[in-house]
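# Observations on chain architecture
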Amino acid sequence: MPSGSVKLHSIKKLGQENHSYEFSDEGKFRFATCNDVLKMVFGSVCAILHGSAQPLMLLVFGLLTDTFIEYDIELNELKDDRKECVNNTIQWKRNYTEAFGQPSILDIEYEMTQFAFYYVGIGAAVFVLGYFQISLWVTSAAKQIQLIRRIYFSKVMRMEIGWFDCTSVGELNTRLSDDINKINDAIADQVAIFLQRFTTFVCGFCIGFVKGWKLTLVIVAASPLIGLGAGLMFVAKLTGMELQAYAKAGAVADEVLSSIRTVAAFGGELKEVKRYDRNLISAQRLGIRKGLFMGFFTGYMWLIIFLCYGLAFWYGSSLVVDTEEYTPGTLLQVFFGVLIAAMNLGQASPCLEAFASGRGAATIIFETIDREPEIDCLSEAGYKLDRVKGDIEFHNVSFYYPSRPDVKILDQLSVAVKSGETTAFVGPSGAGKSTAIQLIQRFYDPKEGMVTLDGHDIRGLNIQWLRSLIGIVEQEPVLFATTIAENIRYGRPGVSMKDIIAATKEANAYNFIMDLPQKFDTLVGEGGGQMSGGQKQRIAIARALVRNPRILLLDMATSALDNESEAVVQEALDKVRLGRTTISIAHRLSTIKNADVIVGFEHGRAVEKGNHNELLERKGVYFTLVTLQSQGDKALNDKARQTFLKNSILTRKFFLYRASIRQRSRSQLSNLIPESSVEEEEELIEPAPVARILKYNIPEWPYMLFGSFGAAINGGVNPVYSLLFSQILATFSVTDPVVQRREIDGICLFFVMVGVVSFFTQMLQGYAFSKSGELLTRRLRRLGFHAMLGQEIGWFDDHKNSPGALTTRLATDASQVQGATGSQIGMIVNSLTNIGVAVIMSFYFSWKLTMLILCFLPFIALSGGFQAKMLTGFAKEDKIAMEAAGQISGEALNNIRTIAGLGKERNFVELYEAQLESPYRAALKKANVYGGCYGFSQCVVFLTNSASYRFGGYLVRQEGLHFSLVFRVISAIVTSGTALGRASSYTPDYAKAKISAARFFQLLDRVPQISVYSDKGDKWDNFKGNLDFIDCNFTYPTRPDIQVLNGLNVSVKQGQTLAFVGSSGCGKSTSVQLLERFYDPDHGRVLIDGHDSTRVNVPFLRSKIGIVSQEPILFDCSIAENIKYGDNMREIGMNEVMSAAKKAQLHDFVMSLPEKYDTNVGAQGSQLSRGQKQRIAIARAIIRDPKILLLDEATSALDTESEKTVQEALDKAREGRTCIVIAHRLSTIQNSDMIAVMSRGFLMEKGTHDQLMALKGAYYKLVTTGAPIS
């Protein structure tokens, strides 16, 4: 029988699930209109009628069998009477009639015609019912889903910004697409199919009990065994065990990839690959065990099924032959009735899964729909003032972001901003400047205190009205993917073209817009990608101006620009500030100098207030900012002049940098990296050729051979079953009881044998293929991990290769590749032998009938495939239709702050609703096609049967074909046809496997720019450690527009200490990374002992360098192992570890721990304090015995006490080594041999502490004011 019966659930369980499913439905259907309800009711009626069709067919089938057998028995009796006429049936019948005078023999052809009509009638009804049950349910679901999407999206757009901080945009997009699709699955076709299958289940059992309760009870008695098998198999399938088993290896991969710089610096790549591989063993074992289990249970199912057949036919035949309670037809009706009931019960269970996941998805979605936003931007409530002056005041405002409640951003902030004045907010990153601005826009409400506008608390004002007073220009302006004019129109609805032109003139944008070919109708591209930074800024300024705002907020409006554009944009801003209340946040002096009031922020408070000159005298926050910057500017201008003379072409790139790369809260970062861009690129991969996948699987060929052998035998089981089944029927027409009994017993025994054989071959197939597949997965994971660790560091900076993405790729891609080799081959072999054996057998017994049925075979296979596809549902097709709507929702959610600032939520909701129309239309069209297909696939079997039994009747009558052969041929081909269709769709996703493999091979084939595994490159014996940076220019590969190093020249002799000083983002750490060869300079050279770094062997170079960084990364293992990590080239003894620990002032502390050196440090060293972690990191660097020591802010994160200890340890470690120190604290730097003060990527001044003090330059100012150097 078709393998659907494998999915049987025990009946009791279904009852419970069914019950629970009905009661929660008001939830799922809460958006249904009357019309929808009518459709659903009518659809359900159709489904129930359709469900009773199959059992009906059994009644017909039973009569048909009886007719055939009667006919055969009569023939046999006649054979005994007139043996001389055996050779020619027709001839013989004529003689017979003459002799006896009455044709008592059945007219088999006439009877068969009647049955054919029954079949056709049932078939036609099934087609109509199938069509209606599906199309009605699908259309009503489409209507409800459209409504849910609309309500959900409009609700999300009303949420306050804090809610978006806590909910990632990706998650919301998934909910809009996948989760709502899940609800769709649960309330669409699946309900109808569930009802239909459930009805079949009920009717099948009814027929069984009505027609023959004894046999039914016998079969039911055996069914718990099947249920048990199915249940256990389900458990074996569902255990997420292999994911847990892989979790350990996954954790290793994640740990290693997140700390890739540490791994690279200490040359631990191969060690990590080995550690990863060791952890893969458990996952591999589990996978093989799972394969064996699956094979065992599948085999067990078949064994039980065949034993049941044997039992049923043996007991049933005794009821037919000995007690004559049943006719043979009744036997078949009862047997198949129960069988079909059981199978349909099994096939109904996936529907329950769909209901459950739909319910789960609905809970989340309805939760959001029912949530009331804390700040409802679309509400009508609140005052609107008649006159607005524009005085803004913060009264003791305290605030933290809802996404990070433990970090206090504003702490009792009190600031007054007078109307008509320009106030500048300055201060280091994270001091709360941007946050203050977001509070004015009422993106958030303060936790304590209040923000007032003209003395009114802004919480009492109408939000849309409040935001309409404010124009905002951000650091990264967001433009929408439409024309320039439309983008400016977003500022104020219904603005005339004249106003737009006036606004662009004020924003210095008019001229460049008029130079564009399409002028104002130029499309700006996704996220404004077609425009340069300066152009985007000016369009954003025009958009702010067109609102004619009372209050203008400038958040770093010019920081992302080069000098030229900055001047232009700055001029535009100076023009528009007049007469408005303006708040400007900036890091550049030029922007702030001429503000009326400057407010200095630090740690969420306003610490100073005054104008430029007053604040310079105070020597506080503002002063530090200014000194560092003016120096940088001076150096920059000198540098520019030199370059200008050198090549007299001033590249614009020269001025591209940002004073500080500000750290934004998560939601803002996600704007910079659009989440959708990752997926689009992956789609373009060519699927990998199977040959190459198999090449990786070659070592497992014996397993695959045995597996295929098992699969071939399994394929032969279906046809053998039909052979036995027809043989049973043949025995019923044998007249001699002894022979009859003997034959029946023989056949039942044969059933048992087939069961036992298939039990073993299923196990063989399951084990062999899972073994080869798991070994392949493990091999690929190892190779993939090896390849990942071999890439250059720049590759990891790309957000597509974030640790998360890479670990998932290892986890899923590698295991999906199995789908293209192991089990896939099994499936193919299985289907081929199945079809092959069936067709050969059928041709052998009756080629004419076979030819007729083969005409139907393609349709049967199609219908089998279609039904299997039905099980999985059709949600995938909807995704494409949803793309346009998805783009709008994606753009809206990614730029929610901009939209909220402009008060444009309603527009986006309307746009989105308009886009939902086409998926809805598509769904209606699909409903009809889909209903038709379903109806057709359901009625094919009926039609096939009607044609073939009618033709079979003709053959039996005219050509003396034995009737059992008719059954044999029909059942052989029909079962193998459906099996073929099923197999084609049950196969694990073949296409997916090929794409996963291709992604993997892409990784394996990528040639890193800086190769860790190669032996090429210079090595030399007497490594001294002289370092020279010559004219180094560098930009990070992921941010090519920001120049980090700008012609750095500095050198260190062997054994000297060089200290780098400068504000963050000036390129200190970058120079260290160039030395480690994490990157290579874009221009210029780094020399080590006179060798160009790009020519030096990478592992050799890194083995000579020890590094201690600001946040040292430790691995999740013991202290000793962490220290040993310092040198992965050799085995290190405990004595060495201890001496290194002593040098690092660590030994005493470790000895005080209960487990001493075997103490586990926890993930990322979380069990230790910072000072302890630092000292382990120092010991790790010492044990390397490096010639060059790099200390990247090694003590900055410590308190004074630990700093002393660590500093002592560092001073010891520095002896006799070339050392580069990056530090913020003077105490750390003073005694260096050379101090280099950097700003914006080049050296401003260098010399010893005393020389620099004498210069009275930047360093002098820093030291004398005692300001932190940051």
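Treat the numbers as computed from the prediction; the structure is a model and nothing was measured.

Compared with the 20 Å implied by 1.5 Å per residue over 14 residues, the 20 Å span of helix 46 (residues 1170–1183) between its first and last C-alpha is a close match. Helix 46 sits mainly inside the fold: 13 of its 14 residues count as buried. Looking one or two residues beyond helix 46, the residue adopting positive phi is D1185, at roughly 50°.

Taken in spatial order, the six strands of this open sheet run 6-7-8-3-9-10, and their pairing is mixed. Of all strands in the sheet, those bounded by a partner on one side alone are strand 6 (470–473) and strand 10 (605–610). Taking the axes of each pair of neighbouring strands and ignoring which way they run, one obtains an average angle of 20° across the sheet. Pairing geometry for strand 9 (residues 597–602) and strand 10, over five bridges, is antiparallel. In the strand pairing of strand 10, V599 is matched with K609. Those strands touched by helix 15 (residues 433–440) are strand 3 (422–426), strand 6, strand 7 (551–555), strand 8 (581–585) and strand 9, and its axis lies near 150° from that of strand 8.

Below, the discussion takes up the pairing of strand 6. By the alternation rule, side chains of strand 6 split into I470 and I472 and G471 and V473, which are all buried. Both strand 6 and strand 7 contribute to a ladder of four bridges, which runs parallel. Bridge pairing links G471 to L552 in strand 7.

Across all of its chains, the model carries 50 aromatic pairs by this definition. Arranged with centres 5.3 Å apart and planes meeting at 15°, the rings of Y696 and F1001 form a pair that is stacked. Highlighted residues: Y696 in helix 27 (residues 690–696) and F1001 in helix 40 (residues 990–1005), separated in sequence by 305 residues. By relative accessible area, which is 21% here, Y696 ends up partly exposed. The interplanar angle of 70° and the centroid separation of 5.0 Å between the aromatic rings of Y844 and F845 together place this pair among those described as edge-to-face. One residue, R692, lies across the ring of F1001, its end atom 4.0 Å from the ring centre. Over the aromatic face of F845 sits the side chain of R968, whose NZ or CZ is 4.6 Å from the ring centroid.

Once that is clear, we can look at the packing of helix 6 (residues 108–158) against helix 37 (residues 905–915). The geometry of helix 6 relative to helix 37 is characterised by a closest axis approach of 10 Å and an angle of 160° between their N-to-C directions. With respect to their mutual orientation, helix 6 and helix 37 come out roughly antiparallel. Taken as a pair, helix 6 and helix 37 cross one another with a handedness that is right-handed. Side by side, helix 6 and helix 37 meet where R149, R150, F153, S154 and M157 of the first sit next to E905, F908, V909, Y912 and E913 of the second. A per-class count over the contact of helix 6 with helix 37 returns five nonpolar, one polar and four charged.

Below, the discussion takes up a nonpolar patch on the surface. Together, V37, V41, F42, V45, L49, F127, V128, F132, F859, L862 and F936 line one region of the surface with nonpolar side chains, adding up to about 930 Å² of accessible area. Listing elements by their share of the nonpolar patch, those giving two or more residues are helix 3 (34–51), helix 6 and helix 33 (847–872). Sorting elements by how many residues they give to the nonpolar patch places helix 3 first, with five residues. Mapped onto the elements, F859 comes out in helix 33. When its relative accessible area of 39% is taken as the criterion, F859 is described as partly exposed.

A few words now on the side chain of E255. Looking at the element boundaries, E255 is found in helix 11 (residues 241–258). Of the residues examined, E255 reaches a relative accessible area of 14% and is grouped as buried. Here the side chain of E255 touches R275 through a polar contact of 3.2 Å, side chain to side chain.

Looking now at the pattern of salt bridges. This structure, assessed with the given rule, holds 22 salt bridges. Across the salt bridge formed by E913 and R150, the nearest N and O atoms sit 3.8 Å from each other. With E913 in helix 37 and R150 in helix 6, this residue pair connects regions lying 763 residues apart in the sequence. With a relative accessible area of 32%, R150 lands in the partly exposed category. Residue R692 is joined to D1005 by a salt bridge in which the shortest nitrogen-to-oxygen separation is 3.1 Å. Of this pair, R692 sits in helix 27 while D1005 sits in helix 40, and the two are 313 residues apart along the sequence. Owing to a relative accessible area of 45%, D1005 belongs among the partly exposed residues under this scheme.

Read across the sheet, six strands follow the order 16-17-18-13-19-20 without closing on themselves; strand pairing throughout is mixed. The strands lining the two open edges of the sheet, one partner per strand, are strand 16 (1105–1108) and strand 20 (1242–1247). Taken over all neighbouring pairs, the strand axes of this sheet differ in orientation by 20° on average, direction set aside. The sheet contact formed by strand 16 and strand 17 (residues 1188–1192) spans four bridges and is parallel. Counterpart to I1105 in the pairing with strand 17 is I1188. Here helix 41 (residues 1068–1075) sits on the sheet and contacts strand 13 (1057–1062), strand 16, strand 17, strand 18 (1218–1222) and strand 19 (1234–1239); the angle it forms with strand 18, its principal contact strand, is near 150°.

Counting residues in each nonpolar core, the largest one holds 78 residues, and the members touching the most others are F313 and Y949. Residues from two domains meet in this core; each of domain 1 (30–212 + 326–376 + 847–960) and domain 2 (213–325 + 690–846 + 963–1009) gives at least three. Discounting residues that sit within four places of it in the chain, F313 has contacts with L331, L332, F335, F725, I728, C748 and F751. Within the second largest apolar cluster, 75 residues are counted, among which are I148, L176, L413 and V417.

Note on placement: T422 falls in strand 3. Each C-alpha atom of the pair T422 and R580 lies 7.9 Å from the other, and the pair is 158 residues apart in sequence. Not counting chain neighbours up to four residues away, the residues in contact with T422 comprise R577, T582, A595, D596 and V597.

This paragraph deals with the confidence of the model for the protein chain. Residue-level pLDDT values for the protein chain average 76, and 82% of them are 70 or greater. Overall, residues 82–103 carries pLDDT values under 50, and its contacts beyond four positions in sequence, including any with other chains, amount to 20 contacts. Every residue in residues 640–683 is under pLDDT 50, and counting partners more than four places away or in other chains gives 67 contacts.

Another aspect to go through is the side chain of Q196. Along the polypeptide, Q196 turns up in helix 9 (residues 189–211). A polar contact is formed between the side chain of Q196 and the side chain of Y934, at a distance of 2.5 Å. Those residues in contact with Q196, other than ones at most four positions away along the chain, are A47, H50, G51, Q133, Y934 and Q938.

So, how was this worked out
Residues numbered from 1 in each chain as written. Predicted model: local features only at pLDDT ≥ 70, side-chain atom pairs only at ≥ 80, totals over all residues. Heavy atoms only, no water. Helix = DSSP H or I, 4+ residues; strand = E, 2+ residues; numbered from the N terminus. Expected span 1.5 Å × (residues − 1). Buried < 20%, exposed > 50% of the residue type's maximum accessible area, 1.4 Å probe, protein only. Pairing = 2+ DSSP bridges. Axes fitted to C-alpha atoms, helices over the stretch in contact; angles between N-to-C directions. Contact = heavy atoms within 4.5 Å. Phe/Tyr/Trp six-rings, centres within 6.5 Å; stacked < 30°, edge-to-face > 60°. Lys NZ or Arg CZ within 6 Å of the ring centre and 35° of its normal. Parallel < 35°, antiparallel > 145°, perpendicular 65-115°, else oblique. Left-handed = near helix turned anticlockwise from the far one by under 90°. Nonpolar A, V, L, I, M, F, W, Y, C, P; charged D, E, K, R; others polar. Patch = residues over 30% accessible without salt bridge, like charges linked within 9 Å, V, L, I, M, F, W, Y side chains within 5 Å. Areas by Shrake-Rupley, 256 points an atom, 1.4 Å probe, with all protein chains shown as cover. Salt bridge = Lys/Arg side-chain N within 4 Å of Asp/Glu carboxyl O. Polar contact = N/O pair within 3.5 Å; in protein donor to acceptor, adjacent residues only side chain to side chain. Core = buried A, V, L, I, M, F, W, Y, C linked by side-chain atoms within 4.5 Å. Domains from an automatic or database assignment. pLDDT = per-residue confidence, 0-100.

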